[in-house]
Amino acid sequence: MATAVEGALADEPLLLYRIKDAVRVLNLSRTVIYEQIRAGRLRTVKQGRAHRIPASAIHEYVALLEHEAGGDQ
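Residues numbered from 1 in each chain as written. Predicted model: local features only at pLDDT ≥ 70, side-chain atom pairs only at ≥ 80, totals over all residues. Heavy atoms only, no water.

## Regarding the pairing of strand E3 (residues 50-54)
Here two bridges tie strand E1 (residues 16-17) to E3, and the two strands are oriented antiparallel to one another. Bridge pairing in E3 links tyrosine 17 to isoleucine 53. By the bridge criterion, three bridges tie strand E2 (residues 45-47) to E3 in an arrangement that is antiparallel. The residue bridging lysine 46 from the neighbouring strand is histidine 51, located in E3. Where E2 folds back onto E3 in an antiparallel hairpin, the turn is made up of two residues, including glycine 48, whose phi is positive at roughly 65°. (Pairing = 2+ DSSP bridges. Helix = DSSP H or I, 4+ residues; strand = E, 2+ residues; numbered from the N terminus.)

## Examining the pattern of salt bridges
Between side chains of opposite charge, a pair can form when the charged atoms approach closely. With the rule as written, the count across this model stands at two salt bridges. Taking the shortest distance from any N to any O, the salt bridge between arginine 41 and glutamate 68 comes out at 2.7 Å. Of the two residues, arginine 41 is situated in the loop between helix H3 (30-38) and E2 and glutamate 68 in helix H4 (residues 55-68); the sequence distance between them amounts to 27 residues. On the accessibility criterion, glutamate 68 (47% relative accessible area) is partly exposed. Two residues, glutamate 60 and arginine 43, come together in a salt bridge whose shortest N-O distance is 3.1 Å. (Salt bridge = Lys/Arg side-chain N within 4 Å of Asp/Glu carboxyl O. Buried < 20%, exposed > 50% of the residue type's maximum accessible area, 1.4 Å probe, protein only.)

## Considerations on helix H2 (residues 19-26)
Taken as a whole, H2 has its buried residues at Ile19, Asp21, Ala22 and Leu26. Buried residues of H2 fall within an arc of 155° about the axis and therefore sit on the same side. Residues of H2 that are exposed and point more than 90 degrees away from the buried face comprise Lys20 and Arg24. Positioned one or two residues after H2, asparagine 27 has a phi angle of 55°, which is positive. (Arc of directions from axis to C-beta.)

Okay, structure coming up:
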């Protein structure tokens, strides 16, 4: 049975994404996600051994792609 806290959190947007979640959200392959991280185009944070992608980093990455495609004109 879910607690009230779990129910409230279920309605909250994610703040940190696992790599597999970023793959789904960005509709990119796992390999491309890791390439973008290595290139410094997609920020991550590290908690212990786990890498997470902040929601803000996903938004920044999409904005970067739009800028590169001429979306800021």
